[in-house]
Amino acid sequence: MGVDFGDFDHDGLLDITVSNFAEQVDNLYHNDGPNKGFVEMGWSSKMGQPVFPYVKWGTGLVDFDNDGWLDLFVASGHVYPQVDTIANNSSRYRQPMFLFRNKGDRVFEDISAAAGVAALPLACRRGAAFGDIRNDGNMDILLLNVGEPPSLLIQDASNTRHRATFRLVGTKSNRAAIAARITISSGGMTQFDEVHGGSSYLSQNDLRVHFGLGESKMMEAVTIRWPNGNIEELKNVAADEIYTITEGQGITETKPYQLPVAK
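Residues numbered from 1 in each chain as written. Predicted model: local features only at pLDDT ≥ 70, side-chain atom pairs only at ≥ 80, totals over all residues. Heavy atoms only, no water.

Engineer: How do you make sense of unusual backbone geometry when you look at a structure like this?
Structural biologist: Leaving glycine out, the prevailing phi sign among residues is negative, and the prevailing peptide bond configuration is trans. Phi is positive for H10, which is not a glycine, with a value near 60 degrees. If you trace the backbone, H10 turns up in the loop between β1 (3–6) and β2 (15–18). Located in the positive-phi region is K46, a residue other than glycine, with phi close to 75 degrees. A relative accessible area of 46% places K46 in the partly exposed class. (Helix = DSSP H or I, 4+ residues; strand = E, 2+ residues; numbered from the N terminus. Buried < 20%, exposed > 50% of the residue type's maximum accessible area, 1.4 Å probe, protein only.)

Engineer: Could you clarify how one ought to interpret the nonpolar core in this entry?
Structural biologist: Here is a general trend for soluble globular proteins: nonpolar side chains tend to be buried in one another's company. In terms of nonpolar packing, the biggest core is built from 20 residues, with F166, L168, I182, I184, M219, V222 and I224 touching the most fellow members. Taken together, the elements giving at least two residues each to this core come down to β12 (162–169), β13 (181–186), β15 (209–214), β16 (218–225), β17 (231–238) and β18 (241–246). With sequence-adjacent residues up to four places away left out, I184 is seen in contact with F166, M189, T190, Q191, F211, L213, M219, A221 and V222. Of all hydrophobic cores here, the second largest spans 13 residues; its members include M97, A128, F130 and M139. (Core = buried A, V, L, I, M, F, W, Y, C linked by side-chain atoms within 4.5 Å. Contact = heavy atoms within 4.5 Å.)

Engineer: Whenever I open this one, the side chain of D7 confuses me. Can you help?
Structural biologist: Looking at where D7 falls in the secondary structure, it is placed in the loop between β1 and β2. Of the side chains with opposite charge, R106 comes closest to the buried, unpaired D7, at an N-O distance of 8.0 Å. Within polar-contact distance, the side chain of D7 engages the backbone nitrogen of H10 at 3.1 Å. Of note is the side chain of D7, whose polar atom sits 3.3 Å from the backbone nitrogen of D11. Filtering out sequence-adjacent residues up to four positions away, D7 remains in contact with G12, L13, L14, D15, L70 and F192. (Lys, Arg positive; Asp, Glu negative; His and termini not counted. Salt bridge = Lys/Arg side-chain N within 4 Å of Asp/Glu carboxyl O. Polar contact = N/O pair within 3.5 Å; in protein donor to acceptor, adjacent residues only side chain to side chain.)

Engineer: Help me understand the side chain of S151, please; the structure alone is not making it clear to me.
Structural biologist: Inspection of the secondary structure puts S151 in strand β11 (residues 151–153). Within polar-contact distance, the side chain of S151 engages the side chain of N145 at 2.8 Å. Setting aside its immediate chain neighbours within four residues, S151 contacts I141, L142, L143 and N145.

Engineer: When you look at the sheet that holds strand β14 (residues 189–194) in this model, what are you seeing that I'm missing?
Structural biologist: Hydrogen bonds along the backbone pair up the strands of a sheet, which may run parallel or antiparallel. The antiparallel open sheet is built from four strands, whose spatial order is β14-β13-β16-β17. The sheet terminates laterally at β14 and β17, the two strands that pair on one side only. Adjacent strand axes in the sheet meet at a mean angle of 15 degrees when their direction is disregarded. Strand direction decides the pairing type here: β13 and β16, joined by five bridges, are antiparallel. (Pairing = 2+ DSSP bridges. Axes fitted to C-alpha atoms, helices over the stretch in contact; angles between N-to-C directions.)

Engineer: Can you help me understand the sheet that holds strand β8 (residues 108–110) in this one?
Structural biologist: The antiparallel open sheet is built from four strands, whose spatial order is β5-β6-β7-β8. Edge positions in the sheet fall to β5 (56–62) and β8, since each of these pairs with one other strand and no more. Across this sheet, the average inter-strand angle for adjacent strands is 20 degrees, counted without regard to direction. In the sheet, strand β6 (residues 71–76) pairs with strand β7 (residues 98–102) via three bridges, with the strands oriented antiparallel. In the sheet register, L72 faces β7, and the bridge partner there is F100.

Here it is in structure tokens:
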């Protein structure tokens, strides 16, 4: 169904999450490194059990709380509306969505209720795309619903954790910088992400790359590997900004986040 990629445990290797059909565990493939392959951790990571009964589609490894650890979102919805006519059938056409917090120990905690997504109306969902709609440094979710208007979930959570967003502009590489990789070092933590052309289930995320930085106010190093293989490195880059980096020119624009006005 849906697929996404990310280093969910900070070992410097790209892991894979795959959403599956009803009564199948969603897969979380941990990358054990060269010559070792992948180890399936959907069940042991505790993210597979809550979603098991449902038909899963759009999914994403995204740092929603800006603590530096990739969290996990899963959308669901059945294929056949007729399932609602079957007596005593536990599987319905309209189904819930799930949000899991990465605890940092290769275990995910189901926070769907605490985050408010469990209280939202059930729907038959397919695609899920992720991005910072309000430019406030909090990641939001756009959902495609079958037979209904799409849903836009704006994150209103307020936290003091730091974050940074990078917009890459290619000159010698493709202009959208598809396949570029950004690696940051901040507060003793190393993270990386890539600019993807397509993700989740038939969806396209915000092309800007977002990092949660936790309590760190500075990134000691930011390294960009452009699609053509060229590498640029920046030193001592402040947190809490939206940076445009143009290939071969370094930072060409800096914008502060548009933080919501306190009510």
